[in-house]
Amino acid sequence: GSNGSLLEENEQQADKIEISSPILSTSELRKITSIDDERFRSRSLSTVWPVDDGPDGMAARLAVVSDQAVEAVRDGISVLVLSDAEVDAEHAPIPILLAVSTVHHRLITEGLRIKCSMLVVSGEPRDAHDLACLIGFGASAVNPYMAIEEVRQLAQSDAVAVDSVIAQENYRSAARHGLLKIMSKMGICTVKAYRGGELFEMIGLDEGVRASAFRYAELRLGGVGLDHVAQQTLRLHANYTEGSEPVGGFYKYRRGGEEHVTSPGVVLRLQRAVRSGASADWSAYLEAINDRAPVQLRDLLTFVPREAIPLDEVEPVAAITSRFVGAAMSLGALSKEAHEALAEAMHAIGGLSNSGEGGEDPERFGTKKNSPIKQVASGRFGVNPAYLASAEELQIKMAQGSKPGEGGQLPGHKVTKEIADLRHTVAGTTLISPPPHHDIYSIEDLAQLIFDLKAFKPSVRVGVKLVSEPGVGTVAVGVAKAQADVITISGMDGGTGASPLVSIKHAGAPWELGLAEAHQVLLSNGLRSRVTLETDGGLRTGRDVVVAALLGAERFGFGTLPLLALGCKMVRQCHENTCPVGITTQREDLRAKFTGTVDQVVALFTLVAEEVRSTLAALGAKSLSEVIGRADFFTPIDPDHPVSEKLDRLLVRAEGQRRHPGYVRARRSELSEKLVDESRDAIVEGRHLELSYPITNEDRSIGATVSGEIARLYGNEGLAEGTIKFLFAGTAGQSFGAWLSAGMELRLDGVANDYVGKGMGGGSIAIVPSVLGNTTPQGAGNALLYGATGGALAVAGRVGQRFAVRNSGGLGIVEGCSDHGCEYMTGGGVVILGPVGHNFGSGMTGGVAFVFDPTDVLPEHLAEGAPSPRLLQAPDEEALLGLLEYHVTQTGSATGRTMLGKWPEIARDFRVLRP
């Protein structure tokens with residue numbers, strides 16, 4: 001009734017039309033607009049303007065439509081329909097996003113926006129990004145009539161073998177999934193929360209457009225105004241009858257279509273240059289690549305004329321190539337041949353190659369094929385003790401510029417048996433490295449992971465890969481305070497050998513913006529000397545390297561360029577496993593066609609470095625060091641270019657306070673130091689050792705440094721079982737037993753914080769909280785066994801959230817866990833002798849989980865798509881009995897003892913989940 005509580009649904013609150021998707025079919029649109037009900041009256045507003053009114057007509061029409069919208073809502077209209085369906089030879093359509101956002105803001109200003117829904121009927125939107133923009137700037141739902149019509153026609157013309165209705169629904173479903181993916185990148189769960197959120201950055205529009213239409217979008221550069229947009233619209237509209245202008249080339253190069261930096265002519269000249277190594281051929285390549293309209297931000301900058309110096313006064317090629325880094329590209333995205341050729345070439349020039357986030361074959365460790373930079377991404381694929389021990393630098397990938405907000409993604413058809421073994425998973429399984437690290441939800445968590453890695457290998461540098469986005473300077477300051485040694489600012493260009501096409505467009509920002517911001521903000525916070533700053537994303541020439549140095553970079557990452565040198569033809573089907581030159585494929589028949597050589601990549605970087613040298617000579621500089629941060633060496637190439645108006649924020653002289661000679665060492669606790677000192681000889685001699693100590697929550701990453709020593713000497717083999725035993729009493733700090741090596745045993749009488757057994761590769765951990773007197777105690781915190789590749793963990797108590805996420809080989813026995821247990825698990829085994837939280841088994845593609853479920857409530861706690869729970873069969877029963885006995889032996893668990901007493905009847909109360 002009307003006097004009920006605020007939260008009850010009643011007639012006043014529930015005047016709503018519910019639709020299943022924000023992407024409307026034409027029949028759904030008709031249904032909504034023809035509802036015969038006072039409360040849902042609709043009115044259509046046309047967003048086209050007469051071509052004869054010229055460019056000024058667009059702004060005039062926008063004003064009229066806004067006035068009409070205000071009037072309609074005041075008249076009690078609750079469904080506004082903005083439509084460009086009346087477009088014809090005499091009427092041009094206002095870009096629909098501009099119309100929607102302008103009306104949306106006008107209604108907000110008038111205090112009327114919440115009184116109506118805004119439906120958009122347009123021929124313009126076709127992909128998920130178009131829809132995300134429309135909803136993000138205020139649309140309630142969208143009917144992309146042209147895209148739907150096109151899809152139906154494709155089906156009718158037999159171009160695709162489905163019925164036209166199915167084709168339409170497939171399109172809507174794909175668009176909906178694309179929209180959800182974009183929302184998930186931004187951490188948003190509902191369309192309602194995304195609507196009008198304006199979570200976008202504008203590149204190339206001016207303040208005027210922002211003020212009228214995109215009020216809360218981020219704007220760091222200048223750009224064109226409404227008049228220019230109107231002129232462009234009329235230019236395109238002129239093709240309405242003639243259809244003269246060639247279009248296309250958005251993803252793949254198409255002659256006469258969109259401009260691409262790496263057009264076929266450019267690629268051929270580059271490949272000629274790396275085969276000959278001749279500077280004349282390199283000049284021909286530069287001529288081809290520089291002969292273009294401005295495509296990148298740096299194309300708008302030119303060097304201020306300065307007094308040149310002779311070339312022989314400039315630092316040698318080797319000093320420059322030592323600053324070059326291979327961008328992170330995993331084995332799996334690339335073929336074995338290409339991945340190893342890159343590693344060897346970077347080794348030859350004194351640069352650093354990066355393994356990417358897919359593990360690396362242990363046979364390469366310690367050879368010239370070893371990648372000195374190893375990635376630790378959220379998927380933790382192949383991160384085991386030997387992998388960590390083989391690195392000079394460990395890179396934590398928070399995001400990548402060409403698709404920020406998404407993790408790595410390797411389609412199942414690229415996961416062969418060899419790739420699956422390296423990544424501790426099953427062949428044919430699609431591998432997604434989820435965007436958030438499950439052990440990083442704050443800058444403190446990032447600091448802890450950096451601490452863990454430095455605890456494992458005290459001499460290692462730790463890098464963090466960030467993305468060029470507004471505010472990245474502030475993030476970089478946090479990362480520097482978290483004791484990282486290297487910060488990479490990744491830009492939007494450059495691609496990925498495993499990404500779906502929809503992920504590589506409309507994402508990220510130019511590295512020029514993020515790099516300049518990070519450098520300047522670190523400098524003003526007195527932290528620039530603590531870190532090395534690197535950038536990557538579409539670097540193509542020596543000039544690009546110098547531009548990056550002037551904006552603050554000391555190291556330079558290259559991904560696509562060395563692949564082009566190895567023979568890549570830019571056919572852009574990396575994700576399909578069909579690369580015709582054997583670079584981004586796992587198919588043996590195609591890999592046989594790989595003709596790239598280490599020498600070609602060495603020749604490439606030598607030519608780049610020579611070009612850097614001549615550029616430096618022209619600037620009167622003897623080394624790259626001298627010009628880092630000297631952005632005052634730039635001037636806009638064309639001060640009248642619309643984007644140039646705000647470039648001055650890049651052109652700031654910001655130098656001084658650069659890299660110190662050493663690296664930041666993590667300060668380990670006294671307990672950690674004692675354990676290493678006392679066990680060093682035993683590790684070398686492989687003899688038995690047992691030590692006991694009290695422990696407090698200030699003692700973090702206990703066991704990691706000893707594990708690192710074992711891995712350094714013995715790799716993943718480690719020592720014989722139970723060689724090194726540490727017994728502790730008290731409360732363990734975070735990351736107890738992280739990266740544990742085979743041969744180690746840790747026992748804790750007490751409780752532990754988060755991340756116990758994170759990334760463990762072997763050995764065993766037992767936690768017995770009952771000595772503290774609780775009956776069903778909490779034994780440890782969150783994210784236990786995250787990314788483990790081996791070893792066993794037994795906890796005689798409950799644990800927190802995200803238990804055994806991405807476990808790929810470890811064994812974990814606990815007496816209850818909170819939400820998100822076994823998420824993304826790809827291997828190993830888990831036994832849960834108590835209740836589980838929500839979302840259990842989400843994305844679980846391997847391994848096995850036994851869950852005690854006497855009251856049959858498990859199905860309510862499973863994630864969508866989790867393996868279905870089954871009753872135990874004889875072999876499972878036997879395996880589980882063995883695990884229960886192990887648990888009781890390790891921890892003396894009362895719960896475990898009770899269960900053994902009721903065996904075998906109690907076996908009926910267990911369920912097994914196996915993908």
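Residues numbered from 1 in each chain as written. Predicted model: local features only at pLDDT ≥ 70, side-chain atom pairs only at ≥ 80, totals over all residues. Heavy atoms only, no water.

1. Description of the overall build of the protein
For the protein, the helix and strand inventory stands at 29 helices and 29 strands. The C-alpha atoms of the protein give 30 Å as radius of gyration, which agrees with the globular expectation for 915 residues (29 Å, within 12%). Projecting the C-alpha coordinates of the protein onto the three principal axes gives extents of approximately 90 × 90 × 55 Å. Buried residues in the protein amount to 57% of all 915 residues. When contacts within the protein are restricted to residue pairs at least 6 apart in sequence, those whose partners lie at least 24 apart make up 63%. Just so you have it, the protein exposes about 36,700 Å², and 51% of that area is on carbon and sulfur atoms. If you average the places of the 88 positive and of the 112 negative side-chain charges in the protein, the two averages end up 3 Å apart. (Helix = DSSP H or I, 4+ residues; strand = E, 2+ residues; numbered from the N terminus. Rg over C-alpha atoms; globule rule 2.2 N^0.38 Å. Buried < 20%, exposed > 50% of the residue type's maximum accessible area, 1.4 Å probe, protein only. Contact = heavy atoms within 4.5 Å. Areas by Shrake-Rupley, 256 points an atom, 1.4 Å probe, with all protein chains shown as cover. Lys, Arg positive; Asp, Glu negative; His and termini not counted. Charge placed at Lys NZ, Arg CZ, Asp CG, Glu CD.)

2. Describing the pattern of salt bridges
Taken as a whole and assessed by the stated rule, the structure comprises 46 salt bridges. When the shortest N-O distance is used, the salt bridge between Asp-299 and Arg-292 registers 2.8 Å. Residues Asp-299 and Arg-292 agree in their burial class; the two are buried. Here Glu-534 ties to Arg-555 by a salt bridge, and the two come within 2.6 Å at their closest N and O atoms. One end of the pair, Glu-534, is in strand β17 (residues 532-536); the other, Arg-555, is in strand β18 (residues 555-558), and 21 residues separate them in sequence. Put simply, Glu-392, Glu-393, Arg-461, Glu-534 and Arg-555 are held in one network by salt bridges that share partners. (Salt bridge = Lys/Arg side-chain N within 4 Å of Asp/Glu carboxyl O.)

3. Here's the deal with the sheet that holds strand β15 (residues 461-467)
Pairing within the open sheet is parallel, and its 7 strands lie in the order β10-β18-β17-β16-β15-β12-β11. With one partner strand each, in any of the chains shown, β10 (324-326) and β11 (373-376) form the two edges of the open sheet. With strand direction ignored, the average angle separating the axes of adjacent strands in the sheet is 30°. Pairing analysis gives 3 bridges linking β17 to β18, with the strands arranged parallel. Looking at β18, one finds that Thr-535 is bridged to Phe-556. On top of the sheet, helix α18 (residues 472-481) reaches β15 and β16 (486-490); it is set at about 165° to β15, its chief contact. (Pairing = 2+ DSSP bridges. Axes fitted to C-alpha atoms, helices over the stretch in contact; angles between N-to-C directions.)

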